[in-house]
Amino acid sequence: MLATRGSTQFFLRIYELALQASFRADFTMEQLSAELGLVVDQLWPNYEKAAAEAGLPLEQLGTELVLGGWSPKNGRMMATGYAKSDSRRPTRVQPIGGQLASPSEPLQAVTPSMAQADLMAHARLQASHLNEQMGRRVAGGRLLIGVLQQGQAVVKDLGTI
């Protein structure tokens, strides 16, 4: 499972590369998790260049990715979060130990919880933070969650944020 917050175009390029990697004979979730941050770092300067050429302010660029899936090596679901906002710093890579997955503000200090009320509260906090940062509504809508188990991925709609 690969999820994002940020540029759809950038996400689609990452998705394409992850999909290609999954066809390698030696593909493992662990290897993809280890490589993805480096791939983001390699692609980011071209993304910044394209954004600058399109007249988009570079200070507003950013992406968060979460990669998760079954790890036969570890015998359980594994997930890793990635955050990138400029080419001067490497991608922040954060193994997700379970539950709420967000490698960036404002959820870094929030106690992880899978309770539906907590998930909704965290989503509202995150959407409010993003809208305030951007000075306009860029986040909101409905909260979708992915529940991963061995042999199964389920997407649930928890409601309006």
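Each value, and the rule that gives it
- Residues numbered from 1 in each chain as written.
- Predicted model: local features only at pLDDT ≥ 70, side-chain atom pairs only at ≥ 80, totals over all residues.
- Heavy atoms only, no water.
- Phe/Tyr/Trp six-rings, centres within 6.5 Å; stacked < 30°, edge-to-face > 60°.
- Helix = DSSP H or I, 4+ residues; strand = E, 2+ residues; numbered from the N terminus.
- Buried < 20%, exposed > 50% of the residue type's maximum accessible area, 1.4 Å probe, protein only.
- Expected span 1.5 Å × (residues − 1).
- Arc of directions from axis to C-beta.
- Contact = heavy atoms within 4.5 Å.
- Patch = residues over 30% accessible without salt bridge, like charges linked within 9 Å, V, L, I, M, F, W, Y side chains within 5 Å.
- Areas by Shrake-Rupley, 256 points an atom, 1.4 Å probe, with all protein chains shown as cover.
- Salt bridge = Lys/Arg side-chain N within 4 Å of Asp/Glu carboxyl O.
- Pairing = 2+ DSSP bridges.
- Axes fitted to C-alpha atoms, helices over the stretch in contact; angles between N-to-C directions.

Caption draft 1: Spotlight on the packing of aromatic side chains. Counted under the stated rule, the structure contains 4 aromatic pairs. Note on Phe10 and Tyr47: the rings are 5.1 Å apart at their centroids and 45° apart in plane angle, and the pair reads as tilted. In this pair, Phe10 sits in helix α1 (residues 8–22) while Tyr47 sits in helix α2 (residues 29–53), placing the two residues 37 residues apart along the sequence. Side by side, Phe10 and Tyr47 carry an identical accessibility label, which is buried.

Caption draft 2: Spotlight on α1. The end-to-end C-alpha distance of α1 is 21 Å, a good match for the 21 Å that 15 residues give at a rise of 1.5 Å each. For α1, the set of buried residues is Phe10, Phe11, Ile14, Ala18 and Ala21. Down the axis of α1, the buried side of the element spans an arc of 95°, and every buried residue falls inside it. Opposite its buried face, α1 presents the exposed residues Thr8 and Gln9, each directed more than 90 degrees away. Here the buried face of α1 lies against β1 (2–6), α2 and β2 (63–71).

Caption draft 3: Examining the environment of Gly69 more closely. Structurally, Gly69 is set in strand β2. Look at Gly69 and you get buried, because its relative accessible area is 10%. Taking C-alpha positions, Gly69 is 29 Å from Glu48, a pair spaced 21 residues apart along the chain. Once residues within four sequence positions are removed from consideration, Gly69 is found in contact with Met29, Arg76, Met77, Met78 and Leu148.

Caption draft 4: How the structure looks around a nonpolar patch on the surface. Where nonpolar side chains cluster on the molecular surface, the patch consists of Tyr15, Leu19 and Phe23 and spans about 350 Å² of accessible area. With respect to the helices and strands, Leu19 occurs in helix α1. By relative accessible area, which is 39% here, Leu19 ends up partly exposed.

Caption draft 5: Representation of the pattern of salt bridges in the model. Evaluation of the coordinates by the stated rule reveals 8 salt bridges. A salt bridge links Glu64 to Arg5; its shortest N-O distance comes to 2.4 Å. Of the two residues, Glu64 is situated in strand β2 and Arg5 in strand β1; the sequence distance between them amounts to 59 residues. When its relative accessible area of 23% is taken as the criterion, Arg5 is described as partly exposed. Salt bridges sharing partners connect three or more residues here, namely Arg24, Asp26 and Glu35.

Caption draft 6: Molecular detail of the sheet that holds strand β3 (residues 76–84). In spatial order, the strands read β1-β2-β3-β4; together these 4 strands make up an open sheet with antiparallel pairing. Among the strands making up the open sheet, the edge pair consists of β1 and β4 (92–96). Recorded for the sheet is a direction-independent mean angle of 15° between the axes of neighbouring strands. Of the pairings in the sheet, the one linking β1 to β2 comprises 5 bridges and is antiparallel in character. Bridging from a neighbouring strand, Ala3 pairs with Val66 of β2. Relative to the sheet, α1 contacts β1 and β2, its axis offset from that of β1 by approximately 160°. The strands that α2 touches are β1, β2, β3 and β4; relative to β2, the one it contacts most, it runs at about 165°.

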